[in-house]
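The primary structure of each chain is shown beneath.
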Amino acid sequence: MSTSSYFCRFRPPGLAKIALLALLQLFATRAGAEESPGTTTPSGTAPTAQPPAAPEPDSTSPVVVGAQYTYVLQHQSALRSPYAGPLSLKSSGDTQSTNTLGLYTGWAPVYWGQLYFDVEKFMGAGVSGATGLGGLTNGNAIPAGYGVFKQFYIARLYARFMLPLGTQVNEVDRAQDQIGGTEPATRLELKVGHLAAPDDFDQNRYANSPRTQFLNWSLMNDTAWDYAADTRGYTDGIMLGYISPAWSLKYGVYRMPLIANGEPLEASLLRANGQNLQFSYTGLPTGTAFRLLAYLNSGAMGNYAEALALANATHATPRIAATAAPGRQKHGFELDAEQPLADDGATGMFLRWGWNNGRDESFAFTEVDEVLSTGVQLSGAQWHQPDGQLGFGVANEELSAAHRAYLAAGGCGFELCDGALNYAHEQILEAYYRLERIWPEDPGPVRWQIGPDYQYIRNPGFNRDRGPVSFWAIRLHVEY
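Description of the structure in this document. Remember, it's a predicted structure, so these values are computed and weren't measured experimentally. (Residues numbered from 1 in each chain as written. Predicted model: local features only at pLDDT ≥ 70, side-chain atom pairs only at ≥ 80, totals over all residues. Heavy atoms only, no water.)

Now for the overall build of the chain. Secondary structure summary: the chain contains 5 helices and 18 strands in total. Looking at the chain alone, contacts between residues at least 24 apart form 71% of all its contacts between residues at least 6 apart. Of the roughly 20100 Å² of accessible surface on the chain, 61% is carried by carbon and sulfur atoms. (Helix = DSSP H or I, 4+ residues; strand = E, 2+ residues; numbered from the N terminus. Contact = heavy atoms within 4.5 Å. Areas by Shrake-Rupley, 256 points an atom, 1.4 Å probe, with all protein chains shown as cover.)

Encoded structure:
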């Protein structure tokens with residue numbers, strides 16, 4: 001798909017267009033009228049004029065260029081399997097590898113405005129076709145069977161605007177989709193374009209990246225948050241936020257897929273959308289962070305109870321897609337926390353709880369209606385290996401009563417279909433170790449990480465009749 005087609009199909013509602021134009025005008029007016037943000041004046045002293053925090057970047061070339069490569073070789077053990085369906089884990093086991101490549105560029109023609117353009121490529125496959133579980137075991141894998149071609153694709157193409165609301169600034173390092181330098185500590189922020197909702201929501205320092213941390217979906221994100229995205233995890237949308245040193249409030253609205261976990265997106269936000277609102281508090285002296293997320297999806301989703309009723313009336317196997325109707329709504333909530341413990345925060349723990357109403361079809365992320373996960377990340381400094389990192393996490397997942405009844409009657413979702421179901425919570429344990437090296441050490445532009453990963457899952461696919469099952473993996477990650 002061409003870059004222009006993304007924006008041709010991205011159509012905010014009329015009021016959103018007006019608001020967006022007004023915000024852009026406000027950013028331009030405010031940025032032109034004020035000096036670049038300086039440093040905070042000490043309490044009790046008269047404010048003085050501050051020099052610009054940094055010179056405006058060179059507008060003739062990108063100011064951040066990054067790349068990454070991640071390889072995961074994963075083996076799934078054989079498992080007890082008295083019966084299986086089209087989306088079950090393979091009872092004999094499986095071994096697969098995934099390769100992901102990415103090139104990330106950014107450009108800051110003015111200090112208050114930035115543009116980002118990322119391309120990525122996925123190759124390989126997840127074990128058992130990346131199906132058969134609510135919490136899939138490789139966050140780098142794309143589920144099979146949805147017509148996703150293994151070629152370079154546009155991952156992100158968006159603009160970011162920052163409106164300073166004070167003089168205090170924060171230093172930020174160069175990173176993927178992050179231009180290094182300084183940013184206003186208190187600001188209004190706007191993003192618009194082709195991006196991923198988890199870039200701004202459900203962020204957790206200790207459990208967020210399958211390239212360097214936990215591989216399992218239920219430990220990298222809240223799997224009950226059915227966030228709007230295509231099969232690869234990207235969509236078009238708008239995010240508006242207020243950011244301050246102590247707290248932030250973000251709202252985002254994004255395009256939904258046309259069908260469950262499909263690649264094409266709805267043409268208009270008026271027809272279907274995923275809305276997210278998140279409050280974050282980070283002002284405690286202990287470094288503790290809390291986040292509360294609420295979401296509401298609307299779209300042409302099916303309903304589990306209706307699918308069962310239709311199947312009983314026609315003496316057929318239930319099909320959720322047969323009950324799809326425009327305007328259905330699905331809502332949910334998440335509580336997220338992180339607590340640094342030692343080593344300047346490199347050692348810490350996390351907690352996530354997520355829930356959705358589970359009446360209408362799981363549509364975009366995975367098939368989980370409630371999840372509780374917790375874990376710890378330990379810096380190698382604890383055992384005199386500063387370049388090492390150990391992670392240990394557990395997750396417990398549930399399905400709604402309607403969802404489990406649908407699967408028990410032989411219905412299929414886009415991740416789960418054993419043909420029957422003896423329901424039990426899906427329970428996940430994961431441990432990983434990572435060794436990091438920087439080359440050359442000064443200035444150290446290239447980082448590589450390697451290490452093993454182990455996962456143990458009881459009741460895979462929420463089915464007491466199947467499993468348990470183990471997964472072993474080796475992961476290599478290189479980034480510039």
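After that view of the structure, there is still more to cover.
Here we take up the state of the cysteines. Put plainly, a disulfide is one covalent bond tying together the sulfur atoms of two cysteines. Per the stated rule, a full pass over the model turns up 1 disulfide. The disulfide bridge from Cys 412 ends at Cys 417, spanning 1.9 Å between sulfur atoms. Residue Cys 417 is classed as buried on the basis of its relative accessible area, which comes to 3%. (Disulfide = S-S within 2.5 Å. Buried < 20%, exposed > 50% of the residue type's maximum accessible area, 1.4 Å probe, protein only.)

Below, the discussion takes up the environment of Pro 82. Relative to the elements of secondary structure, Pro 82 occurs in the loop between strand E1 (64–76) and strand E2 (94–110). Taking relative accessible area as the criterion, Pro 82 reaches 56% and is therefore assigned exposed. Spatially, the C-alpha atom of Pro 82 lies 7.1 Å from that of Arg 466, the residues being 384 residues apart in sequence. What Pro 82 contacts, discounting residues up to four positions off in sequence, is Asp 465 and Arg 466.

Working note: a packed helix pair is described by the angle between its axes plus the distance between those axes. Taken N-terminus to C-terminus, the directions of helix H4 (residues 304–314) and helix H5 (residues 401–408) make an angle of 35 degrees; their axes are 8 Å apart at the nearest point. Of the two elements, H4 crosses H5, and the hand of that crossing is left-handed. Side by side, H4 and H5 meet where Tyr 304, Ala 307 and Leu 308 of the first sit next to Ala 402, His 403, Ala 405 and Tyr 406 of the second. Residues belonging to the contact of H4 with H5 are distributed by class as follows: 6 nonpolar, 1 polar and no charged. (Axes fitted to C-alpha atoms, helices over the stretch in contact; angles between N-to-C directions. Left-handed = near helix turned anticlockwise from the far one by under 90°. Nonpolar A, V, L, I, M, F, W, Y, C, P; charged D, E, K, R; others polar.)

As a further point, take the packing of aromatic side chains. All told, the structure shown has 15 aromatic pairs when counted by the stated rule. An angle of 10 degrees between the planes, with centres 6.3 Å apart, marks the rings of Tyr 423 and Phe 462 as stacked. Taken as a pair, Tyr 423 in the loop between H5 and strand E16 (426–439) and Phe 462 in the loop between strand E17 (446–458) and strand E18 (469–479) lie far apart in primary sequence, 39 residues in all. Taking relative accessible area as the criterion, Phe 462 reaches 0% and is therefore assigned buried. Where Tyr 454 meets Trp 472, the ring centres are 5.7 Å apart and the plane angle is 50 degrees; that geometry is what we call tilted. Note that Tyr 454 is positioned in strand E17 and Trp 472 in strand E18, a separation of 18 residues in sequence. Tyr 454 gets classed as partly exposed once you look at its relative accessible area, which sits at 28%. (Phe/Tyr/Trp six-rings, centres within 6.5 Å; stacked < 30°, edge-to-face > 60°.)

Here we take up the pairing of strand E15 (residues 388–398). Across 10 bridges, strand E14 (residues 370–379) lies against E15 in antiparallel orientation. Pairing of Thr 374 across the sheet is with Val 394, part of E15. Pairing of E15 with E16 involves 10 bridges; the strand directions are antiparallel. In the strand pairing of E16, Asn 396 is matched with Gln 427. (Pairing = 2+ DSSP bridges.)

A few words now on the pairing of strand E12 (residues 325–342). Sheet topology note: the strand E11 (residues 289–301)/E12 ladder contains 12 bridges and is antiparallel. Each residue of the ladder has a partner; that of Tyr 295, found in E12, is Gly 332. Both E12 and strand E13 (residues 347–356) contribute to a ladder of 10 bridges, which runs antiparallel. Directly across from Asp 336, in E13, lies its bridge partner Arg 352. If you look at the hairpin formed by E12 and E13, you'll find 4 residues sitting between the two strands, and Asp 343 has a positive phi there, around 55 degrees.

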